[in-house]
2 protein chains.
Amino acid sequence: MAKKLEFESVPGGVNAAVGYLAWSAACGIKPGADKSKQDLALIFSESPSVAAAVFTTNQVKAAPVRVSQAHLKTRNVRAVLLNSGNANACTGAPGLRAAERMAAAAGAGLGVHANQVLIGSTGRIGVSLPVEKIEAAFPDLTKADGRSGSTAAARAIMTSDTFPKESAVRVRLGGKRVTIGGIAKGAGMINPNMATMLAVLTTDARIEKALLQRALKQAAEHSFNCITVDGDMSTNDTVFVLANGRAGGPLLTARGADYERFTAALTEVCRHLARQIVEDGEGVTKFVEVRVSGAASARDARLAAEAIANSTLVKCAWFGGDPNWGRIMDALGYCGAKLHEDHVEIFYGGLCAVRQGVASKVAPARIQEVVRRKKFMVEAKLHLGTAEHVVFTTDLSTEYVKLNMGE
Amino acid sequence: MAKKLEFESVPGGVNAAVGYLAWSAACGIKPGADKSKQDLALIFSESPSVAAAVFTTNQVKAAPVRVSQAHLKTRNVRAVLLNSGNANACTGAPGLRAAERMAAAAGAGLGVHANQVLIGSTGRIGVSLPVEKIEAAFPDLTKADGRSGSTAAARAIMTSDTFPKESAVRVRLGGKRVTIGGIAKGAGMINPNMATMLAVLTTDARIEKALLQRALKQAAEHSFNCITVDGDMSTNDTVFVLANGRAGGPLLTARGADYERFTAALTEVCRHLARQIVEDGEGVTKFVEVRVSGAASARDARLAAEAIANSTLVKCAWFGGDPNWGRIMDALGYCGAKLHEDHVEIFYGGLCAVRQGVASKVAPARIQEVVRRKKFMVEAKLHLGTAEHVVFTTDLSTEYVKLNMGE
C-alpha cells in the first residue's frame, strides 16, 4: 500500500455490509455419528451483485473450483454455497456433476439461477461428495434469520480449524460509508499462492466487476499469498468477493483515490483473515513474522522469506525455542536468491544474532528469550538492494505431525 | 546406467582398495563431558593419488568446503581429514584459518604438504571450531594400524546418525581387479543436490583426474542427488574420491567400456551409501521409494518426484500408515510439472490406488496394508511421455521434530 488509509474495524463478518444474509446447517457430510457438526454455509446477496474470485494455482483443481470458474462469467452473482468435510477433489466427472447439483440446489432454494451461485468445498480429497445430503438441507436452510448468521457460517466451514475466522472494516468512498466483511477457514496445506483455504468476502461498494477482480487479486497478493504453514498448496483454495452496490454513491469504474482506498480496506480484511489462519495452523504453538529486506529483487525477497518460513528444520527449532540461526543461513543459501554470505544480518525481535554472516556479540540467551515467545519476528537483511517481503508463518510441532498422520 | 554390469560387494569400506589407511580419534570437539566420543577421522593414501569432489550447491559454503575446493587443484592429493561435532560454517575469516590449520595439521602429521590434504566438517553451524583440539590429536592419531580403521572412521564422522555407513565393490577393468570403497554420514538436512552429508571414496583404479571428476559427478547424480529426508540442503555437503592407481593396468583416459564399468561400480557404492543415509534419517520409521514415470520431460519427472518426497503432509500420512493419495495428487498439481489430472495413476507397492485421476476399485484396506510396511514404493504414472525419476525418502515423524527442536 502506498500510504496508510483510514478504516475502522466493525463486527458482523459477511453480514457487516448492507444486504447480505448467511445461514448454516449440519447436513451430515462430516464423518462420525455427531450430526450436530455444522458443515454447510450459504451466503446470499439480497440484491444483484458482481463477483470476483481468486483460485488455487494447483493444476489439480477440485470440481467446485471448475464449476465456480464457469459461474463467475455470470454478471449477477447472488450466492455462495460452501461445504466442509469433503473437498470434492479428484472425483472425476461424478464430482463435477455433484458440484453442479450443489449450485442448482442453492439456486432452487433461493429462487435464482444455478449459475448465479458460486460454490466451495473443503475436506478430504478423493472421496465422493454425498450431494444428496446438501440437497436435503433445503428448504430448511434459509428459514432462520440470516442477518446474524456470519459466525455460524464461519464455524460451518471449519475443518481442523479451532476457531471461526471473521473480519470486517468500514471505509468512506465517494462520500458514502462502505463496508467490507468476510469469513475464512484454513488449518492445513497453507502455502503462498493460495492456502487450503476458503474465504468469502461481501461488500456493499458499487464497483465494476473487472475492477473488483483487480482489487481482489491485489489484496490476496498482500495477504493470503503471504502466509505459509506447511508449504503444501491445496486443490481447493478459493477467495470469493461479492459486491452489491447497496452503499450507493458513484460506480467505481477506474483506478484512482477511491479505488486505492477500497483496495486498502479489502486488503486489511484479507490480511486479518490470513493472520487468523496462520495463528490457527495445525498444531501451531508459535506465530512468526519472517521479513527479508535488502534483497536484490522482489523475487529474491520472496524466495528467501518463503525458504526460511518453509524450512522444516527452522520450524522445528522454533518449536523448541531454539534460535538456531545457522538453519536460517542455510535456507538463505539454498533458496536461489542472490546472496553474499558475509553481508547477511539476522535479527530476532530486533536483536542482532548475525552480523556480516557470523555470530554477533549479543548473548545467545537473550535471543533465545525472543524465540521462546508465542509471537516474534525474524528479519534477514541481505544488504544487496531495497526489495523486501514478509511472510507470516508458524513453527512445526509434534502435534502437527500427529494431526496429519491419519484420518 | 545403460546396462547391468558385474561387480561384487566386498568388506572394508575405505580400506577395501589397495593402499589406503584410516584412523580416528576422540579429540574433544563433540560437546558434553564424554571424551570417548569419536569426532575425528583421517583417510590416507600411501601412494600418490588424484582426487575429485562434488560439493554442496548452497551459496553459504562452510570453510572446509572453500579450503578443499582450493586444495583440489593439487594433482597429488594424499589425505582427507574430517571432523564431526562442528560444521565450521558461518564462521568468517577465523573459520577459514581454522580450516587451513586442519589441513596443515594433517599434512605435518603425515609428512605431506597441507594442500595435499582435503578436509570436511559436520555438525552445528556458526560455532568456532576448536582447531587446537584437532592439532593436539597428532601425532598420536596415526599410530594405530590404519589398515582396518574404516568402520571406526565411519563412526567418528557420525552426528545424529545411528550407525556407521560403509560400502565397497570390486570390478574388473582392463584385466585387473579394481576396488572402490567408501564411508559416509548423513542424518538431517538431507536433500537432492547434496545432503548434509560427508562421504569419502577410495579406489585403486588408474584413472585421470578429469575423468575421475566426470565419473563422480555422474555417480552422485544417480545416488546422493536422489535422496531427501527433509528438503533442507546443507552448507557442508561433500563427496571426495581418491584414486591411487595401485590396481595397475592401463591408465583410464577416455570414455569407453572400462570407464562405463568403473562409473557403474562407483555409482553402486554411492547408491548403497545413499540408501543407508536415508534409512538412518532423523526419526525415520519408513523408507519410501518414490518413482514418477511417464513424465513429459526429465525435469518434470524430477520436480514431481521431489514434490511428493518433500511434502510435509504426504510424509506425515506415511508416518501414520495412511496412503492419503489425495496429498500426492495435490503435490503433483503444484510441483510445476506438466500434468493432466485425469491421466494420473498412483500405485502403492504395485497396487493401483488412483486410475484416471480418481480412486481405483482396489480396497483401501489393501493399500493401507502396503503403507504400514517399513519399506514400500509409491509410483505416479503421468502418461504424458517417457521420462522417469526415482527419489529415496522417508516419513516425517514426531521423533524427527523432537530431534530437531533444540540442541
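Rules used in this analysis
- Residues numbered from 1 in each chain as written.
- Chains lettered and ligands numbered in written order.
- Predicted model: local features only at pLDDT ≥ 70, side-chain atom pairs only at ≥ 80, totals over all residues.
- Heavy atoms only, no water.
- Helix = DSSP H or I, 4+ residues; strand = E, 2+ residues; numbered from the N terminus.
- Polar contact = N/O pair within 3.5 Å; in protein donor to acceptor, adjacent residues only side chain to side chain.
- Contact = heavy atoms within 4.5 Å.
- Pairing = 2+ DSSP bridges.
- Axes fitted to C-alpha atoms, helices over the stretch in contact; angles between N-to-C directions.
- Buried area = accessible area lost by both parts, 1.4 Å probe.
- Salt bridge = Lys/Arg side-chain N within 4 Å of Asp/Glu carboxyl O.
- Nonpolar A, V, L, I, M, F, W, Y, C, P; charged D, E, K, R; others polar.
- Least-squares fit on C-alpha atoms with pLDDT ≥ 70 in both.
- Buried < 20%, exposed > 50% of the residue type's maximum accessible area, 1.4 Å probe, protein only.
- Parallel < 35°, antiparallel > 145°, perpendicular 65-115°, else oblique.
- Left-handed = near helix turned anticlockwise from the far one by under 90°.
- Arc of directions from axis to C-beta.

Draft legend 1. Structural detail: the side chain of N244 of chain A. Residues and elements named next belong to chain A. If you trace the backbone, N244 turns up in the loop between strand 9 (238-243) and helix 6 (257-279). Polar contacts involving the side chain of N244 include one to the main-chain carbonyl oxygen of V18, which spans 2.9 Å. Discounting residues that sit within four places of it in the chain, N244 has contacts with V18, G19, Y20, S45, S47, P48, S49, T203, D204 and A205.

Draft legend 2. Structural view of the sheet that holds strand 4 (residues 50-55) of chain B. Residue and element names in this part refer to chain B. Here we have six strands laid out as an open sheet, ordered 1-7-8-9-10-4, and mixed in their pairing. Unpaired on one side and paired on the other, strand 1 (8-9) and strand 4 mark the two borders of the sheet. Bridge count between strand 4 and strand 10 (residues 238-243): six bridges; the pairing is antiparallel. Each residue of the ladder has a partner; that of V54, found in strand 10, is V239. Docked against the sheet, helix 5 (residues 209-221) engages strand 4, strand 9 (198-203) and strand 10, running at close to 35° with respect to strand 4. The strands touched by helix 6 (residues 257-279) within the sheet are strand 7 (165-173), strand 8 (176-185) and strand 9, with strand 7 carrying the most contacts at an inclination of about 165°.

Draft legend 3. A look at the interface of chain A and chain B. With 54 residues of chain A at the contact, the number on the chain B side is 54 residues. Regarding the contact of chain A and chain B, the summed buried area is about 4100 Å², with carbon and sulfur atoms giving 56% of it. Its salt-bridge partner being R66 of chain B, residue E341 of chain A comes within 2.9 Å of it at the nearest N-O pair. Broken down by secondary-structure element, the contributors of at least two residues to the side of chain A that touches chain B are helix 8 (312-319), helix 9 (325-334), strand 13 (358-359) and helix 11 (398-404) of chain A. Looking at which element gives the most residues to the side of chain A that touches chain B, the answer is helix 9 of chain A, with eight residues. Of the residues in the side of chain A that touches chain B, the class split is 21 nonpolar, 21 polar and 12 charged.

Draft legend 4. A look at the relation of the copies chain A and chain B. With an RMSD of 0.0 Å, the operation that places chain A on chain B is a rotation of 180° combined with a shift of 0.0 Å along the axis. The two molecules are tied by a two-fold rotation axis, judged by turn and shift. Minimal C-alpha distance to the rotation axis in chain A is attained by T398 of chain A, lying at 2.4 Å. Interface residue correspondence from chain A to chain B reaches 100%, placing this contact among same-surface, isologous pairings.

Draft legend 5. Focus on the sheet that holds strand 13 of chain A. Residue and element names in this part refer to chain A. Strand order in the open sheet formed by six strands is 13-12-11-14-10-15, with mixed pairing between adjacent strands. Lying at the two open borders of the sheet, with one neighbouring strand each, are strand 13 and strand 15 (387-394). Looking at chain direction, strand 11 (residues 345-348) and strand 14 (residues 375-381) are connected through four bridges and run antiparallel. Directly across from I346, in strand 14, lies its bridge partner A380. Docked against the sheet, helix 9 engages strand 11, strand 12 (351-355), strand 13 and strand 14, running at close to 135° with respect to strand 11.

Draft legend 6. Layout of helix 8 of chain A. All names here are of chain A. The element helix 8 is largely enclosed, with a buried count of eight among its eight residues. Along helix 8, the residues that are buried comprise T312, L313, V314, K315, C316, A317, W318 and F319. Where helix 8 ends, the next residue or the one after it, G321, has phi of about 70°, a positive value.

Draft legend 7. Broad picture of the packing of helix 7 (residues 298-310) of chain A against helix 9 of chain A. Residues and elements named next belong to chain A. Remark: helix 7 packs on helix 9, axes separated minimally by 9 Å, with the N-to-C direction vectors making an angle of 135°. Classified by the angle their axes make, helix 7 and helix 9 are oblique. The element helix 7 and its partner helix 9 pack so that their crossing is right-handed. Within the contact between the two elements, helix 7 uses A304, A307 and I308 and helix 9 uses I328, A331, L332 and Y334. Residue composition of the contact of helix 7 with helix 9, grouped by class: seven nonpolar, no polar and no charged.

Draft legend 8. Up close: the pairing of strand 10 of chain B. Residues and elements named next belong to chain B. Counting buried positions over the six residues of strand 10 gives six, a clear majority of the element. Taking every second residue as pointing to the same face, both faces of strand 10 are buried, with T238, F240 and L242 on one and V239, V241 and A243 on the other. Pairing of strand 9 with strand 10, which is carried by six bridges, proceeds in the parallel orientation. Along strand 10, the bridge assignment pairs L201 with V241.

Draft legend 9. Just helix 10 (residues 364-371) of chain A, in detail. All names here are of chain A. Among all positions in helix 10, only I367, V370 and V371 are buried. Down the axis, helix 10 shows its buried residues gathered within 95° of arc, on one side only. Close packing links the buried residues of helix 10 with helix 8, strand 11, strand 12 and strand 14.

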